[in-house]
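# A closer look at the structure
Given next are the chains, with one letter for each unit.
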Amino acid sequence: MSAPLTADFVPIPLPDFVEHSPDDMQRRAEAFYEGLRRRHTVREFSSRPVPRSVIETCLTAAGTAPSGANHQPWHFSVIGNPAMKSRIRAAAEEEERAFYGGRAGVEWLAALKPLGTDQDKPFLDIAPWLICVFGARKSRSADGVMRKNYYVPESVSIATGFLIAALHHAGLATLTHTPAPMSFLNEICGRPETEKPYILLVTGYPAASAHIPQHATEKKPLSEISTFFE
Ligand code: IYR
């Protein structure tokens, strides 16, 4: 007998919502913002080891993200193996040489100038963990049935946001790295062609001498990024 394609709706009481007073809510919102505003994309990493269990817990937090039909269409390949990191670096730098050598076009290269990035990616060897985030257009349900996934980019991006926030909260620096194209990650990580690599999240301690571009600290004000209708 083949497994059913649909499951029944079984409502359960909301199990763990915690209510806060409006004052507490404001304080908590501000504390969260104060924490998150200290996250900066870092491109200079220390090789200091980071316990695997911290990464595992942050990934478990990312896995609680909402997703289309709750299909959880993500997979995180976590690379600490030095030989695999070197392969990723070599493949990424090959793409980046073409990108910075002209494939990007003048407008894109001009937009990147204030970030100071180039084709050299030593952090791919140095950082203790490279987290490759894959999104699956199809994947198996718990009972093994292959099925289509929905809102994959949105779902994967939300989970990645959770992951970045979790890693930062734990005390780790991250770089959202997107060598393009990065299909070489499927081969290196052994992922099927139904999955697409979205982001390579370089994770570790920042180097003691790490710098960030001043440009990256310029965030749009609330008035520019929001419109309220009351
Ligand atoms: N992938 C390249 C280029 C790059 C593109 C964007 I858009 C950035 O915000 C940063 C870099 C690189 O990693 O250098």
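Residues numbered from 1 in each chain as written. Predicted model: local features only at pLDDT ≥ 70, side-chain atom pairs only at ≥ 80, totals over all residues. Heavy atoms only, no water.

### Some details on the sheet that holds strand β1 (residues 74–79)
Strand pairing within a sheet occurs via backbone hydrogen bonds; the two strands may be parallel or antiparallel. Across the sheet, which stays open at both edges, the four strands sit in the order β1-β2-β6-β5 with antiparallel pairing between neighbours. Looking along the sheet, the strands with just one partner apiece sit at the ends: β1 and β5 (173–177). Taking each pair of neighbouring strands and ignoring which way they run, the sheet shows an average axis angle of 25°. Strand direction decides the pairing type here: strand β2 (residues 129–136) and strand β6 (residues 195–204), joined by eight bridges, are antiparallel. In the sheet register, I131 faces β6, and the bridge partner there is L201. (Pairing = 2+ DSSP bridges. Helix = DSSP H or I, 4+ residues; strand = E, 2+ residues; numbered from the N terminus. Axes fitted to C-alpha atoms, helices over the stretch in contact; angles between N-to-C directions.)

### Some remarks on the site of the ligand
What surrounds the ligand is the set E96, F99, Y100, W108, L112, L115, T117, D118, K121, H177 and T178. Between the ligand and K121 there is a distance of 2.5 Å, counted from an oxygen atom to a side-chain nitrogen or oxygen. Between the ligand and the protein, one listed contact pairs a nitrogen atom with a backbone N or O atom of T178 at 3.2 Å. Protein coverage of the free-state accessible area of the ligand, which is 380 Å², stands at 72%. If you list the elements that add at least two residues to the shell around the ligand, you get α3 (82–103) and α4 (106–112). Residues of the shell around the ligand, tallied by class, amount to five nonpolar, three polar and three charged. (Near = heavy atom within 4 Å. Polar contact = N/O pair within 3.5 Å; in protein donor to acceptor, adjacent residues only side chain to side chain. Areas by Shrake-Rupley, 256 points an atom, 1.4 Å probe, with all protein chains shown as cover. Nonpolar A, V, L, I, M, F, W, Y, C, P; charged D, E, K, R; others polar.)

### Concerning a nonpolar patch on the surface
Side chains of L222, I225 and F228 sit close together on the surface and give an oily, nonpolar patch of about 380 Å² of accessible area. Here L222 shows up in helix α8 (residues 222–225). A relative accessible area of 58% means that L222 is categorised as exposed. (Patch = residues over 30% accessible without salt bridge, like charges linked within 9 Å, V, L, I, M, F, W, Y side chains within 5 Å. Salt bridge = Lys/Arg side-chain N within 4 Å of Asp/Glu carboxyl O. Buried < 20%, exposed > 50% of the residue type's maximum accessible area, 1.4 Å probe, protein only.)

### Looking at the pairing of β5
With four of its five residues buried, β5 lies for the most part within the structure. Across five bridges, β5 lies against β6 in antiparallel orientation. Within β6, the residue paired with T176 across the bridge is L201.

### A closer look at the packing of helix α2 (residues 52–62) against helix α6 (residues 152–170)
Their axes nearest at 8 Å, the elements α2 and α6 cross at an angle of 145°. The way α2 lies across α6 gives a crossing that is right-handed. Across the interface between the two elements, V54, I55, C58, L59, A61 and A62 from α2 touch A159, F162, L163, A166, L167 and A170 from α6. Here the residues of the contact of α2 with α6 are counted per class, giving 12 nonpolar, no polar and no charged. (Left-handed = near helix turned anticlockwise from the far one by under 90°. Contact = heavy atoms within 4.5 Å.)

### Examining the nonpolar core
Ranked by internal contacts, the top residues of the largest apolar core, which has 21 residues, are F45, I88, L124, C132, F184 and V202. Those elements giving two or more residues to this core turn out to be α3, α5 (123–126), β2, β5, α7 (184–189) and β6. With residues up to four places along the chain from it excluded, the contact list for L124 reads K85, I88, R89, A92, L130, H177, L200 and V202. Of all hydrophobic cores here, the second largest spans 20 residues; its members include C58, I131, V133 and L163. (Core = buried A, V, L, I, M, F, W, Y, C linked by side-chain atoms within 4.5 Å.)

### Description of unusual backbone geometry
With an omega of -5°, the peptide bond running from A180 to P181 counts as cis. Along the chain, P181 turns up in the loop between β5 and α7. Non-glycine residue N70 carries a positive phi angle of around 55°. Note on placement: N70 falls in the loop between α2 and β1. Of note, Q72 is a non-glycine position whose phi angle comes to about 50°, a positive value. Relative to the assigned elements, Q72 resides in the loop between α2 and β1. By relative accessible area, which is 36% here, Q72 ends up partly exposed.

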